[in-house]
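As a plain string of letters, each chain reads:
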Amino acid sequence: MLNALRRKFRLGMQRTVLIAVLLAVGLFSYAFLNLSFCFKLMSHRSLTHMCQKYEQHEYSGSLCEELCSSQSNFDNFQCPLNDMKTILFTAEKNGDMYAVKMAKHNDDDLSWTNNKGESIYPKIEEFHEIVKLHIILAYNVTLDDNMVRALVNQEIADNNSQQMVSFWRLFKDNNYMMGKLFDEESVFPAVLGSCGPYYATEGLQIVQSTPGILQYIASNRQQRLKHALNIMEYIFRLEEMKPEPLRMCKMQVNRFGLTPDRRLKYQSAEHVYVESQLDKRISNGAKCKSDQDCNYYACRGLCAADRQACTHVQQNNNFQVFCEQILVGSGTFQPGLLSGIRLPKSLQKLVKMCVQPPKEHQLPGRSQAPSLQLALRLYNELKQLLQAVIVASGDSDSEDEVEGESPRFSGRGGA
């Protein structure tokens, strides 16, 4: 009898503890998902640190005064909806969303040591030349002196080496530089200001959330096909970039978003490179045992068997990455945009050829890169399928949106 009571008491206590733990986890999850709470707990520290450095004259830039002034017009500070790795926090100003990010650390020191053991930093004119040379080497873009000064966008106080170092950190950050250098092409979020190594870009309205298994039963085929076509048009634009095409080594469907004027952009340019620089990175002679050792994320290299070294240029291209990662996806629990959609056999064949292009549809020297002609055929087939879906739904307004000619391109960039 006593043992039975003890057993019941013990079971009751275990249930109570389990319920308490579940409630605590539930409350914490709800609080964490509450973006305002998330900002107060995590991201507010970044803002406080930034403003302290600004007050101590270690940081400079137009964003400092905008965010740290008592008369700041920013409000609605929150954690990012979908990209906490890249964005520290978001905020609104006059109804526009800003995404505040931070440049990555780099080990490229600006200073040198004299014979007295003192750290010497370049003068501002020398710093401009260093920035200009870096942009030529890393991006194959030549800027005149006025453009370099405009890129710096804020006077660095005389003899303030800390401000210069924080600016150098910005210029070594690929995400920041892509946004600045290709601002007129409008393929990445516009950079709206900086404060030391922090910078703000325009916020995007993400078009498609992270795909999940529910996509198979969702009735959003029309939306997904439209999104696929819009992403393809975006990739065609990257092929036409000057002075050379841009290559995306990471491509995720939930990173494509719209600006307030409905222009599609990619949220982060961290893993985007000009073609020549990516080819140098992948064919740098590093030791390898298999082709995978030469890959840089989704950008594929080739291991030379005789030398066991990465000596070949990128073997695939943006279209192959798009077909594999965006259209097909990574299996049942990470479906692509075409998962769950009944495709014509001709379209199935084109998608397969895009992922693994046969020899007659490969680019010279890039055995896994589908040609521009194949990409255009795929685009037209997707467009026809979208039109058929729209007709079946009786949505005449949407049908008008997809009318028109296919994209026309000069064929630059080896596509």
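Preceding block: the structure.
Residues numbered from 1 in each chain as written. Predicted model: local features only at pLDDT ≥ 70, side-chain atom pairs only at ≥ 80, totals over all residues. Heavy atoms only, no water.

*Asks:* It is not clear to me how helix α10 (residues 318-328) should be interpreted in this structure. Could you clarify?
*Replies:* Helical periodicity: at 3.6 residues per turn, an α-helix aligns residues three or four positions apart in one direction. By the criterion of burial, α10 is predominantly enclosed, with eight of the 11 residues buried. When we look at burial in α10, the residues that qualify are Asn318, Phe319, Gln320, Val321, Phe322, Cys323, Ile326 and Leu327. Positive backbone phi, at 85°, marks Gly329, one or two positions downstream of α10. (Buried < 20%, exposed > 50% of the residue type's maximum accessible area, 1.4 Å probe, protein only. Helix = DSSP H or I, 4+ residues; strand = E, 2+ residues; numbered from the N terminus.)

*Asks:* In this structure, what is going on with the pairing of strand β16 (residues 366-370)? I would like to understand it.
*Replies:* For a regular strand, side chains alternate in direction, first toward one face of the sheet and then toward the other. Summarising the sheet, strand β15 (residues 362-363) and β16 pair through two bridges and their orientation is antiparallel. Within β16, the residue paired with Gln362 across the bridge is Pro370. Between the antiparallel neighbours β15 and β16 lie two residues, among them Gly365 with a positive phi of about 80°. (Pairing = 2+ DSSP bridges.)

*Asks:* Even after reading the chapter, I still don't get the sheet that holds strand β2 (residues 87-93), so can you show me in this structure?
*Replies:* With antiparallel pairing, five strands are arranged side by side in an open sheet as β1-β2-β3-β7-β6. Every interior strand has two partners, whereas the edge strands, β1 (74-78) and β6 (191-195), have only one. For this sheet the average axis-to-axis angle between neighbouring strands, irrespective of direction, equals 25°. Pairing between β2 and strand β3 (residues 96-102): six bridges, direction antiparallel. Paired with Lys93 across the bridge in β3 is Asp96. (Axes fitted to C-alpha atoms, helices over the stretch in contact; angles between N-to-C directions.)

*Asks:* What is the right way to look at the sheet that holds strand β8 (residues 205-206) in this model?
*Replies:* Paired through their backbone hydrogen bonds, the strands of a sheet run either parallel or antiparallel. Sheet architecture is open: three strands sit in the order β8-β10-β11, paired in antiparallel fashion. Only two strands of the sheet have a single partner each, and these edge strands are β8 and β11 (264-266). Here strand β10 (residues 256-258) runs beside β11; their pairing, made up of three bridges, is antiparallel. The residue bridging Gly257 from the neighbouring strand is Lys265, located in β11.

*Asks:* Before we go on, may I ask you to explain the environment of Tyr98 in this structure?
*Replies:* With respect to the helices and strands, Tyr98 occurs in strand β3. In the structure, Tyr98 is positioned 93 residues away from Val191 in sequence and 9.5 Å away in space, judged by C-alpha atoms. If sequence neighbours within four positions are ignored, Tyr98 has contacts with Phe74, Phe89, Thr90, Ala91, Lys93, Leu192, Ala200, Thr201 and Gly203. (Contact = heavy atoms within 4.5 Å.)

*Asks:* Quick question: what am I supposed to make of unusual backbone geometry here?
*Replies:* Most peptide bonds take the trans form, and the phi angle of most residues other than glycine is negative. In this structure, Pro243 follows Lys242 across a cis peptide bond, with omega equal to 10°. Locating Pro243 in the fold gives a position in the loop between α8 (221-239) and β9 (246-248). Positive phi outside glycine occurs at Arg262, with the angle close to 70°. Positive phi values are uncommon outside glycine, yet Gln308 reaches one of about 50°.

*Asks:* Honestly, the packing of α8 against helix α12 (residues 372-393) in this entry has me stumped. Any pointers?
*Replies:* For any two helices packed against each other, one specifies the crossing angle of their axes together with the interaxial distance. Contact geometry for α8 and α12: axes closest at 10 Å, N-to-C directions at 155°. In terms of their interaxial angle, α8 and α12 are classed as roughly antiparallel. Regarding α8 and α12, the two cross each other, and that crossing is left-handed. Counted together, Arg221, Gln222, Leu225, Lys226, Leu229, Met232, Glu233 and Phe236 of α8 and Leu372, Ala375, Leu376, Leu378, Tyr379, Leu382, Lys383, Leu385, Leu386, Val389, Ile390 and Ser393 of α12 form the full contact between these two elements. Classifying every residue of the contact of α8 with α12 gives 14 nonpolar, two polar and four charged. (Parallel < 35°, antiparallel > 145°, perpendicular 65-115°, else oblique. Left-handed = near helix turned anticlockwise from the far one by under 90°. Nonpolar A, V, L, I, M, F, W, Y, C, P; charged D, E, K, R; others polar.)

*Asks:* Please explain the pattern of salt bridges as it appears in this structure.
*Replies:* Where charged atoms of side chains with opposite charge meet at close range, the side chains can pair. Applying the stated criterion to the full structure yields 12 salt bridges. The residue Lys104 makes a salt bridge to Glu270 at a minimum N-O spacing of 2.2 Å. In this pair, Lys104 sits in the loop between β3 and β4 (112-113) while Glu270 sits in the loop between β11 and β12 (272-274), placing the two residues 166 residues apart along the sequence. On the accessibility criterion, Glu270 (21% relative accessible area) is partly exposed. Between Glu129 and Lys132 there is a salt bridge, and its shortest N-O distance comes to 3.7 Å. You can see Glu129 and its partner Lys132 sitting in helix α4 (residues 124-139), three residues apart, about one turn around the helix. With a relative accessible area of 42%, Glu129 lands in the partly exposed category. For Lys132, a relative accessible area of 17% puts it in the buried group. (Salt bridge = Lys/Arg side-chain N within 4 Å of Asp/Glu carboxyl O.)

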